[in-house]
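The residues making up each chain are set out below.
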Amino acid sequence: MVLTRRDRPIRILVDHHHDSGWRDARHGLYGGPLAVTICRRRLTLRVLRRYHVAIIDATTPTRFGATEITAIQRFVAEGGGLLLASSAPMFELMNDAPAEELPANNVAERFGFRFLSPADCAGKVRHDRDFRLGYPPEAVEVAEDAPEGFAAHPPGASTWAPVAMPEGARPLLRHPETGEPLAGLMEHGDGRVCVIGTGLRRLNLLAHLYPLLIWLAAEASDRPGDDVPAEIGPVPKLHTVGRLRLICDDAIADEAPDVAELILRFDHFMRDLFGEGWKTPPRIEILRACMSPDPWDHGSFIGACSAPWARAWNVAFSLALLGLQHDYPGRLLITLFPEFTIIRHLALRFIENEGFADRAGRLREIAQAQFAAADPEHIGADLARVYWATQQWHPKGMWLLDELERRFGDDILRRLFEVIPKRREDEKLPAQYAWASDKVAHYLSLAAGEDLSGWLAEIGTTVHALPLVRPGDEGFDEAMRGALARGATHGPAARRMEALADLAALKPEEREKLARRARRLVRAFDQGAASDERAGRALATLAAGEG
């Protein structure tokens, strides 16, 4: 009997002993057709037998014991399902080690599979936004005989590497041109196995993961015992290191002092840039993982199980993401530096400060090569619109930050943070005419000491010039009224209407300081807002320059 939502829940055991980086197990799998247990101890056959499916998503260097591997193999042979995932590109990058040393391969090989290095790819690979090398998402297709319900569109993971498959296995995902399997399925004894060549964090729960789990559970019978626990093994504990409180498993507790020292150094680094307004959270979770969080991950955490440079990168990326994502400056900057480009830039600066200049230089070279391929003429991507239109990262943002530092000094970010308001409520720029990207360009101009709107236009980025006067300084109100008046009488109709909306929001005494034509435009705009029939003709006449 195939287990569905109408039957008893499928029992899922998620391994968190070897790698606890996949956090959706806590937040996405619970409930519905699944009963999920997080296992923080080494896997044993006695524990595994209580579950229909075991999930192992492991990219860290943490080894699997021989008895664990034997237990996993017997569990599958006796009718269990195994979902085994790992990212060879991530392992190689974050641990400075070849894919041959990936411990997850010791499990995969028991079933005839192997996670392969990007160097073994037959097709064209590329670096992703996190500098990992592999096949891009568009180089992935779903096999025709995928399990029932598995979505026709492939998972949107950022990089893929091929998996070697044994005779009798079949691909679940493959490269459309080379035919290389990127995920494979097979039966082993009375059970089933799925091996995926990337981490599970980007798989869609409903479209990809649930159908896989139902397929892996197959005809599984009831398991021993009644209910299954939410967790097995020691729960994460609070470790106080100086003024920091770090939450971590016992398995990673020995790393807490070193991570705490890195956190304090990054705190000093950010205070130097951001000022005293920078706040490092007092409670931070440390995971046995080698990854940094995505913006949409649950909570804040640091993956500490990686090479020294990568650990410093994870500390910087995680804390900068947490600090800027929830602050007005960070939310504003994303409109010109898409998908938290500035956070990657800060992480590179920090690992340079930590003595990893060679590594930072190599990563910058990769970013420059990405930009050269994506925008060779430097005018092909409009940074002020690319994230708004696609919500995708673009390598031009990394180039722009490097170019700003080259032109205006390494302290340009410090000066930028000095002029950006720390809270949205303190924003004094017009709300309609000045888009967020216009505001960033304005603050960049103030930090650089010159109007950058012309230069940004030369490199294909659409911004609208605002007066080079600090909000709140003498002359700002007059200069901004003039900019809005010019905006209301020149340029595309949509921009004129936005300028009019801001002019209409001025106090009556401020309106009286406008030029005659601008005052008449504002009056016609008010009539339109009041559904006055005279508004259309008045606006049309004025727009045509006849009034």
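Mind showing me how you'd approach the overall build of the protein here?
A count of helical and extended segments in the protein gives 21 helices and 17 strands. Evaluated residue by residue, the protein yields a buried proportion of 57% over its 547 residues. Charge-centre separation for the protein: the mean point of 67 positive side chains lies 4 Å from the mean point of 77 negative side chains.

How should I be thinking about the sheet that holds strand β15 (residues 244–248) in this particular structure?
What links the strands of a sheet is backbone hydrogen bonding, and the strands pair in either a parallel or an antiparallel sense. One open sheet holds the 4 strands; their spatial order is β14-β15-β16-β17, and the pairing between them is mixed. The sheet is open, and its two borders are formed by β14 (237–241) and β17 (301–303), each paired with just one other strand. Mean inter-strand twist for the sheet, computed between neighbouring axes without regard to direction, equals 30°. The sheet contact formed by strand β16 (residues 283–287) and β17 spans 3 bridges and is parallel. Within the sheet, the bridge partner assigned to Ile286 lies in β17 and is Ile302.

Explain the sheet that holds strand β11 (residues 181–188) here, please?
Here 9 strands make up an open sheet; going across it, the order is β8-β10-β11-β12-β4-β3-β1-β2-β13 and the pairing mixed. Looking at strand neighbours, the two that pair on one side only are β8 (141–142) and β13 (231–232), the edges of this open sheet. Along the sheet, helix α3 (residues 66–77) contacts β3 (53–57), β4 (81–85), β11 and β12 (191–196); its crossing angle with β12, the most-contacted strand, is approximately 125°. Contacts from helix α6 (residues 205–217) reach β1 (10–15), β2 (34–39), β3, β4, β10 (170–174), β11 and β12, with the element oriented near 150° to β12.

I keep staring at the nonpolar core and nothing clicks. Help me out?
As a rule of thumb, soluble globular proteins bury nonpolar side chains together. In this structure, Ile263, Phe266, Trp309, Trp313, Phe337, Leu400 and Leu404 are the most contacted members of the largest nonpolar core, which totals 109 residues. Apart from residues lying up to four places away in sequence, Leu404 is in contact with Phe337, Gly409, Ile412, Leu444, Leu452 and Trp455.

What's the story with unusual backbone geometry in this structure? I'm lost.
Negative phi characterises most residues that are not glycine, and trans characterises most peptide bonds. Although it is not a glycine, Asp96 sits at a positive phi angle of roughly 50°. The topology assignment puts Asp96 in the loop between α4 (88–95) and α5 (104–108).

It is not clear to me how the pairing of β2 should be interpreted in this structure. Could you clarify?
Each regular strand shows side chains that alternate between the opposite faces of the sheet. The buried fraction of β2 is high, at 5 of 6 residues. Here 6 bridges tie β1 to β2, and the two strands are oriented parallel to one another. Bridge pairing in β2 places Asp15 opposite Cys39. Pairing of β2 with β13, which is carried by 2 bridges, proceeds in the parallel orientation. Across the sheet, Cys39 pairs through a bridge with Ile232, a residue of β13.

In this structure, what is going on with the pattern of salt bridges? I would like to understand it.
As a working rule, side chains carrying opposite charge can pair if their charged atoms are close by. All chains considered together, the criterion is met by 35 salt bridges. A salt bridge links Asp267 to Arg243; its shortest N-O distance comes to 3.1 Å. Of this pair, Asp267 sits in helix α7 (residues 256–274) while Arg243 is found in the loop between β14 and β15, placing the two residues 24 residues apart along the sequence. Of the residues examined, Asp267 reaches a relative accessible area of 5% and is grouped as buried. Salt-bridge contacts for Arg364 lead to Glu352; the nearest nitrogen and oxygen are separated by 3.4 Å. Taken together, the residues span a long stretch of sequence, with Arg364 in helix α11 (residues 357–374) and Glu352 in helix α10 (residues 341–353) at a distance of 12 residues. The class of Arg364 is buried, set by a relative accessible area of 13%. Where salt bridges share partners, they join Asp128, Asp130, Arg132 and Arg344 into one cluster.

Please explain the packing of helix α8 (residues 308–325) against α10 as it appears in this structure.
Helix-helix packing is characterised by the crossing angle of the two axes and by the distance between the axes. The N-to-C vectors of α8 and α10 enclose an angle of 140°; their axes lie 8 Å apart at closest approach. When the axis of α8 is compared with that of α10, the two are oblique. Considering how the two elements wind past one another, α8 and α10 form a crossing that is right-handed. On the side of α8, the interface is formed by Trp309, Ala312, Trp313, Ala316, Phe317, Ala320, Leu321 and Leu324, while α10 contributes Ile342, Ile343, Arg344, Leu346, Ala347, Leu348, Phe350 and Ile351. Of the residues in the contact of α8 with α10, the class split is 15 nonpolar, no polar and 1 charged.

For this particular structure, what's the right way to read the side chain of Thr461?
Within the secondary structure, Thr461 is located in the loop between α16 (453–458) and α17 (476–489). Under the relative-accessibility criterion, Thr461 is labelled buried at 1%. Ignoring sequence-local partners within four residues, the contact set of Thr461 consists of Leu336, Ala381, Asp382, Leu383, Ala384 and Leu456.

Help me understand the packing of aromatic side chains, please; the structure alone is not making it clear to me.
Aromatic ring pairs are defined here through the distance separating the ring centres and the angle between the ring planes. Enumeration according to the criterion identifies 9 aromatic pairs in this entry. Geometrically, the ring pair formed by Phe274 and Trp278 is edge-to-face, given 5.7 Å between the ring centres and 75° between the ring planes. Across the pair, Trp278 and Phe274 agree in class, each one buried. Feature note: the residues Phe266, Phe269, Phe274, Trp278, Phe350 and Phe417 constitute an aromatic cluster, connected by ring pairs. The cationic tip of Arg495 hangs over the ring face of Tyr433; the distance from NZ or CZ to the ring centre is 5.0 Å.

Got a minute to help me understand the side chain of Arg288 in this structure?
Looking at the element boundaries, Arg288 is found in the loop between β16 and β17. As a buried residue without a salt bridge, Arg288 has its nearest oppositely charged side chain in Asp249, at a separation of 7.0 Å. Those residues within four positions of Arg288 in sequence are excluded, and the remaining contacts are His17, His18, Asp19, Ser20, Gly21, Thr60, Thr62, Ala251, Ile252 and Cys305.

How do you make sense of α17 when you look at a structure like this?
Residues spaced three or four apart along an α-helix face the same direction, because each turn holds 3.6 residues. Helix length check: α17 (14 residues) gives 20 Å between terminal C-alpha atoms against 20 Å at 1.5 Å per residue, within 8%. For α17, every residue scored as buried is listed here: Phe476, Met480, Arg481, Ala483, Leu484, Ala485, Gly487 and Ala488. At the C-terminal side of α17, Gly491 shows a positive phi close to 90°.

Looking at this structure, I do not really get the environment of Thr489. What am I missing?
The residue Thr489 is located in helix α17 in this model. Relative accessible area serves as the criterion here: at 22%, Thr489 is assigned to the partly exposed category.

Sorry, what's going on with the pairing of β12 here?
Within β12, 5 of the 6 residues are buried, which leaves it mostly tucked inside the rest of the structure. Note: β4 against β12, 5 bridges, orientation parallel. Across the sheet, residue Leu82 finds its bridge partner in β12, namely Val193. Bridge count between β11 and β12: 6 bridges; the pairing is antiparallel. Residue Glu187 lies in a different strand from β12, and its bridge partner there is Arg192. Hairpin connection, β11 to β12: the antiparallel pair is bridged by 2 residues, and Gly189 has positive phi, about 60°.

What counts and how
- Residues numbered from 1 in each chain as written.
- Predicted model: local features only at pLDDT ≥ 70, side-chain atom pairs only at ≥ 80, totals over all residues.
- Heavy atoms only, no water.
- Helix = DSSP H or I, 4+ residues; strand = E, 2+ residues; numbered from the N terminus.
- Buried < 20%, exposed > 50% of the residue type's maximum accessible area, 1.4 Å probe, protein only.
- Lys, Arg positive; Asp, Glu negative; His and termini not counted.
- Charge placed at Lys NZ, Arg CZ, Asp CG, Glu CD.
- Pairing = 2+ DSSP bridges.
- Axes fitted to C-alpha atoms, helices over the stretch in contact; angles between N-to-C directions.
- Contact = heavy atoms within 4.5 Å.
- Core = buried A, V, L, I, M, F, W, Y, C linked by side-chain atoms within 4.5 Å.
- Salt bridge = Lys/Arg side-chain N within 4 Å of Asp/Glu carboxyl O.
- Parallel < 35°, antiparallel > 145°, perpendicular 65-115°, else oblique.
- Left-handed = near helix turned anticlockwise from the far one by under 90°.
- Nonpolar A, V, L, I, M, F, W, Y, C, P; charged D, E, K, R; others polar.
- Phe/Tyr/Trp six-rings, centres within 6.5 Å; stacked < 30°, edge-to-face > 60°.
- Lys NZ or Arg CZ within 6 Å of the ring centre and 35° of its normal.
- Expected span 1.5 Å × (residues − 1).

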